[in-house]
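Tertiary structure, described
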Number of protein chains: 2
Amino acid sequence: MASMATVLVKTPNPSHSLAKSINAQLSSNVKFSISLKNPKLNPGKTYQKIRISCGLIEPDGGKLIELFVPEFQKDEKKKEAMLLPRVTLSKIDLEWVHVLSEGWASPLNGFMRESEFLQTLHFNSIRLENGSVVNMSVPIVLTIDDLQKQKIGESTKVALVDSNDNPIAILSNIEIYKHNKEERIARTWGTTAPGLPYVDQAITHSGNWLIGGDLEVIDKIKYYDGLDRFRLSPAELRQEFERRGADAVFAFQLRNPVHNGHALLMTDTRRRLLEMGYQNPILLLHPLGGYTKADDVPLGWRMKQHEKVLEDGVLDPETTVVSIFPSPMHYAGPTEVQWHAKARINAGANFYIVGRDPAGMGHPIEKRDLYDADHGKKVLSMAPGLERLNILPFKVAAYDMTQGKMAFFDPLRPQDFLFISGTKMRTLARNKESPPDGFMCPGGWKVLVEYYDSLVPSGNSKVPEAVAA
Amino acid sequence: MASMATVLVKTPNPSHSLAKSINAQLSSNVKFSISLKNPKLNPGKTYQKIRISCGLIEPDGGKLIELFVPEFQKDEKKKEAMLLPRVTLSKIDLEWVHVLSEGWASPLNGFMRESEFLQTLHFNSIRLENGSVVNMSVPIVLTIDDLQKQKIGESTKVALVDSNDNPIAILSNIEIYKHNKEERIARTWGTTAPGLPYVDQAITHSGNWLIGGDLEVIDKIKYYDGLDRFRLSPAELRQEFERRGADAVFAFQLRNPVHNGHALLMTDTRRRLLEMGYQNPILLLHPLGGYTKADDVPLGWRMKQHEKVLEDGVLDPETTVVSIFPSPMHYAGPTEVQWHAKARINAGANFYIVGRDPAGMGHPIEKRDLYDADHGKKVLSMAPGLERLNILPFKVAAYDMTQGKMAFFDPLRPQDFLFISGTKMRTLARNKESPPDGFMCPGGWKVLVEYYDSLVPSGNSKVPEAVAA
């Protein structure tokens, strides 16, 4: 991954005390507001005042909360963990430990207690002790069953261990409360229909109790899949943005291969930010690395594909940081897109690109999309705690047959545009056919063809649905 | 209803411009905070600072929004309405028109548009143009079907008419948007199980579209059921509280007959408020008057029962205002209790008494309560936009056999207390038996017996469930 290495290798060994120094810098930052007069740059209310700040956006709650045990205490904490009641973490639990440990969910300092859980379900936000409000739309909770609850008994701490019984973390000042699965699902997804991927994977068969508390993570979570070097923490990303002298960071969340429509959108966003007066906008291209449903393209293949896109020069490595966002996917549409945006604030992004039907999927049992395609960006633009974030709605890109490339759809000449659906893409890639020239860089397309080629044909005729056009 | 008349008859003919004058007064009010030192008065964080204000609490958004057509425009508006496309209001729709018209939902100025609807579903609150946040937890929406949508066509206004085609209101600057029933139900109730009363009554068979807009109501909504004089608007209630010189107003929402446990709670609350330093706390005893499920005791019978409670001197008419809250019931537990509290702020209440499982009910298809009994008060105490309201959690009252009366349950001598369940109550009333002396005043009990006596026995053996102990 030569290109990506050049993007990322410049990051010196990051230290976890970085957050503190960034924070100290921020307090002396000069911030000012401008009103944009150009109506082209100012299509909606959201953009009437763009805050240009000589420094990165502050993390939620004012400081980045990292939850690592200091080096000198590690042995002691490991020993302590061995003596505590144990809760074994699932793969998804471990991803949430990763998320919490690095401060993506700042100011959360552990798995949610009931008051945080209830505020998340009902308000998609949490009020802090100082009265300020931070966004929090997706429950970050740990389940235990009746037997585990009984074993924990009166202990105020538990050890969180991996599937090999290695201690990963300690959860202190614990609070155990009821896990009403139906209510959690209904309020998070807006449906209780069977077949929601995250629900099937992590909720339906989970325990009837939730355990919250203060988290102390012994070692940085690693996956040893060759991709750990791309898993930059919010502190490391902030350091990288500072190093590059970014005066704006725009985040692009994705869980699909990048085609030239995406690339057009990202380069166009950079152009708009430059026009707004920013000198050095940096793109955070931020593929999601946690749990995804079975028919999404796996992370490893996606990273290969992204590498090719950078190699082919579709995106400029000088102004792009590619990194992996460790969160699992909920596929909870307007509820989840808030989490995706909020976590990127903590990583230093002050602009967030939002597309059609973000974090959406088909309804599991009805023939329609689960969410209204416009609700994601509407909800995001109104979400409590995200007022500081500038939301950049996605323009629709399609294949312009007159130009032979991806372009923003022009409603005045619809006949010139070709919408290449996910189904169409998949069929082409599976059949080793090529999409129209200019739809995706050839290197990237080749990776996709290889991926589908690698799939063992399954007994039934259901074919993975992979790429949205 | 002699007693109630003495409570209410003192209110002079209220004028709808009252809100303005109250508001003007409020702007010059002196407000100050005290910290309570007595731990008995200060059991939780919520009470650390009680704001004592020389005037009523401000309505949400700063002013009470009444939506009545001025007298001189009524004829003109009626004529205009006759020429507009029509939407026929159901009984529940009409109750919402009532609610909106009097400003219970201030600052809403009509049925919700999509941005208000989405904020309600996702955040239980709405952000105003000035950046402040008001609570709004229950969608106040009007449904139309495909045919009605087609008939409305490009019109920017519709007339809302009653079942006899009489024009009730005009809805202007309308916005028609999709009514995703499943998502609305899931996010409002935290379940999509069949059998939710409001859903069955008002959502399942309703149209696939919602129509929002600015509401202008031609005449005050009346029911001609002998109870209209008890339907005081927020402006009228504020006038009454001002007239009585209230320096605190504590609201008690109810949809059940009042027993002596309730009465104990209300008199004890008054005592606590006096101890806190208030000179003249007034109780707003506020039975809900809109739609209730079939097995609740109907409003007329409840009002008769409340009358007897006042006649028997269980509550002091001098410090009690009995009035009817026109909202329909959702039975949406922690979501709905916020609406119940928010509406009472608009009526001038700055203290709200919240009990066990407020606005709750049994799960429609599982053998358990739909909501955790403690979630209502927890959610209420954390709800955005309700920070100004002082939440008074309900103490558990039960029949103390040693004293022969209702008393606060003492966990040190549980054997002395008798919990009289709703089922027990119903069985007693149906069988014309008496509850233990001191459970309910005899006059009130007699009304209940009469009510159950009046019920025509139905074919199946299901008996209405009426009174919670």
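Residues numbered from 1 in each chain as written. Chains lettered and ligands numbered in written order. Predicted model: local features only at pLDDT ≥ 70, side-chain atom pairs only at ≥ 80, totals over all residues. Heavy atoms only, no water.

Short version of the rule: UniProt positions are given in the numbering used here, feature names are shortened, and annotations may be inferred rather than shown by experiment.
Looking at an unreviewed UniProt entry, one finds chain A named sulfate adenylyltransferase, with Dillenia turbinata as its source organism. Reading the Subcellular location (unreviewed entry) entry of the UniProt record for chain A gives the comment "Plastid, Chloroplast". Its UniProt record gives chain A the following Catalytic activity (unreviewed entry) comment, quoted word for word: "sulfate + ATP + H(+) = adenosine 5'-phosphosulfate + diphosphate".

A word on the overall build of chain A
Operational definition: Numbering of helices and strands runs from the N terminus; a helix is a DSSP stretch of H or I covering at least four residues, while a strand is a stretch of E covering at least two. Only protein chains enter the accessibility calculation, which uses a 1.4 Å probe; a residue is then buried when its area is under 20% of its type maximum, exposed when over 50%, and partly exposed in between. Whether two residues are in contact is decided by their heavy atoms: any pair within 4.5 Å suffices.
When helices and strands are counted, chain A shows 15 helices and 17 strands. With 469 residues in all, chain A has 58% of them scored as buried. For chain A, long-range pairs separated by at least 24 residues make up 75% of all intrachain contacts whose partners lie at least 6 apart in sequence.

So, the sheet that holds strand E9 (residues 209-217) of chain A
Residue and element names in this part refer to chain A. Which entries qualify depends on this criterion: Pairing between strands is defined by DSSP: at least two bridges between them are needed. Only the contacting stretch of a helix is used when fitting its axis, a line to C-alpha atoms as for every element, and angles between N-to-C directions run 0 to 180 degrees.
Read across the open sheet, the five strands follow the order E3-E7-E8-E9-E6; overall the sheet is mixed. Either end of the sheet is taken by a strand with one partner, and the two such strands are strand E3 (86-88) and strand E6 (143-144). Sheet topology note: the E6/E9 ladder contains two bridges and is antiparallel. Among the inter-strand pairings, threonine 143 is bridged to a residue of E9, identified as leucine 210. Running at roughly 50 degrees to strand E8 (residues 167-178), helix H3 (residues 74-82) makes contact with E3, strand E7 (158-161), E8 and E9 of the sheet. Relative to the sheet, helix H4 (residues 91-102) contacts E3, E7, E8 and E9, its axis offset from that of E9 by approximately 50 degrees.

Regarding helix H7 (residues 181-189) of chain B
Residues and elements named next belong to chain B. Test applied: Pairs of N or O atoms within 3.5 Å make up the polar contacts considered here, provided that, within protein, one atom can donate a hydrogen while the other can accept it, and that residues adjacent in sequence are counted only when both atoms are side-chain atoms.
In terms of burial, H7 is a largely internal element, nine of the nine residues being buried. Within H7, burial applies to Lys181, Glu182, Glu183, Arg184, Ile185, Ala186, Arg187, Thr188 and Trp189. Regarding H7, its N-cap is asparagine 180, as a side-chain oxygen of that residue lies 3.3 Å from the backbone nitrogen of glutamate 182 further along. A positive phi of about 70 degrees marks glycine 190, the residue just after H7.

Examining the pairing of E9(A)
Pairing of E8(A) with E9(A) involves eight bridges; the strand directions are antiparallel. Note on E9(A): the bridge partner recorded for A:Ile176 is A:Ile211.

So, the relation of the copies chain A and chain B
The two chain copies are related to each other by a rotation about an axis together with a translation along it. The criterion, for reference: Copy-to-copy alignment: least squares on C-alpha atoms, limited to residues at pLDDT 70 or above in both.
Superposition of chain A onto chain B requires a rotation of 180 degrees combined with a translation of 0.0 Å along the rotation axis, giving an RMSD of 0.0 Å. Look at the turn and shift together and you get a two-fold axis relating the two. Most of the interface of chain A is mirrored in chain B: 100% of its interface residues are interface residues there too.

Observations regarding the pattern of salt bridges
Two side chains bearing opposite charge may form a pair once their charged atoms approach each other closely. Quick note on the threshold: The term salt bridge refers to a side-chain nitrogen of Lys or Arg lying within 4 Å of a carboxyl oxygen of Asp or Glu.
Scanning the entire structure with this criterion turns up 68 salt bridges over all chains. A:Asp219 serves as the salt-bridge partner of A:Lys74, at 3.0 Å between the closest nitrogen and oxygen. Within this pair, whereas A:Lys74 is found in helix H3, its partner A:Asp219 is found in the loop between E9 and helix H9 (234-243), the two being separated by 145 residues in sequence. What makes A:Lys74 buried here is its relative accessible area of 14%. By relative accessible area, which is 34% here, A:Asp219 ends up partly exposed. B:Arg368 serves as the salt-bridge partner of B:Glu366, at 2.7 Å between the closest nitrogen and oxygen. A relative accessible area of 37% means that B:Glu366 is categorised as partly exposed.

A look at the UniProt feature "domain: ATP-sulfurylase PUA-like" (unreviewed entry) in chain A
Listed under "domain: ATP-sulfurylase PUA-like" (unreviewed entry) in the UniProt record, and renumbered for this structure, are residues 57-219 of chain A. Counting secondary structure, residues 57-219 of chain A comes out at 33% helix and 22% strand; the distance between its end C-alpha atoms is 27 Å.

What to know about the interface of chain A and chain B
The cut-off we apply is this: For any pair of parts, buried area is found by adding up, for both, the accessible area (1.4 Å probe) each one loses once the two are put together. For this scheme, ten residues count as nonpolar: Ala, Val, Leu, Ile, Met, Phe, Trp, Tyr, Cys and Pro. Four count as charged, namely Asp, Glu, Lys and Arg, and the remainder, Gly too, count as polar.
With 38 residues of chain A at the contact, the number on the chain B side is 38 residues. A combined buried area of about 3100 Å² lies between chain A and chain B, and 45% of that area is made up of carbon and sulfur atoms. Of all residues in chain A, the largest losses of buried area upon contact with chain B belong to A:Phe123, A:Arg187 and A:Met382, amounting jointly to 22% of the total for that side. One salt bridge in this structure joins B:Glu387 and A:Arg127, with 3.1 Å as the shortest N-O distance. Counting the contacts that link chain A with chain B gives 23 residue pairs in polar contact (both at pLDDT 80 or more). Listing elements by their share of the side of chain A that touches chain B, those giving two or more residues are helix H5 (114-123), helix H7 (181-189), helix H12 (333-346) and helix H13 (375-382) of chain A. Of the residues assigned to the side of chain A that touches chain B, the class counts are 12 nonpolar, 13 polar and 13 charged.

Focus: the packing of aromatic side chains
Put simply, the test is: Put simply, two rings from Phe, Tyr or Trp (the six-membered ring, in Trp's case) pair if the centres are within 6.5 Å, and we call them stacked under 30 degrees between planes, edge-to-face over 60, tilted for the rest. A ring is scored as having a charge over it whenever the NZ atom of a lysine or the CZ atom of an arginine sits within 6 Å of its centre and within 35 degrees of its normal.
Per the counting criterion, the structure on display carries 22 aromatic pairs over all chains. Ring geometry for A:Phe409 versus A:Phe417: centroids 5.1 Å apart, planes at 70 degrees, classification edge-to-face. Centroid distance B:Tyr451 to B:Tyr452: 4.9 Å. Interplanar angle 55 degrees. Geometry classified as tilted. For B:Tyr451, a relative accessible area of 5% translates into the label buried. An aromatic cluster is present here, built from A:Trp96, A:Trp104, A:Phe325 and A:Trp339 joined pairwise through their rings. The aromatic ring of A:Phe325 is capped on one face by A:Arg344, whose charged end is 3.9 Å from the ring centroid.

Comments concerning the side chain of B:Gln253
Residues and elements named next belong to chain B. Within the element layout of this structure, glutamine 253 appears in strand E10 (residues 248-254). A residue is classified by how much of its surface remains accessible, and glutamine 253, at 16% relative accessible area, is buried. Once you skip the residues sitting within four places of it in the chain, glutamine 253 turns out to touch His286, Leu288, Phe325, Met329, His340, Arg344 and Tyr352.

Let's talk about the sheet that holds strand E13 (residues 351-354) of chain B
Residue and element names in this part refer to chain B. Taken in spatial order, the five strands line up as E12-E11-E10-E13-E14 in an open sheet, and their pairing is parallel. Two strands lie at the open edges of the sheet, namely strand E12 (320-322) and strand E14 (390-393), each paired on one side alone. Taking the axes of each pair of neighbouring strands and ignoring which way they run, one obtains an average angle of 25 degrees across the sheet. In this sheet, E14 lies alongside E13 in parallel orientation, the contact comprising four bridges. Paired with tyrosine 352 across the two strands is isoleucine 391, which belongs to E14.

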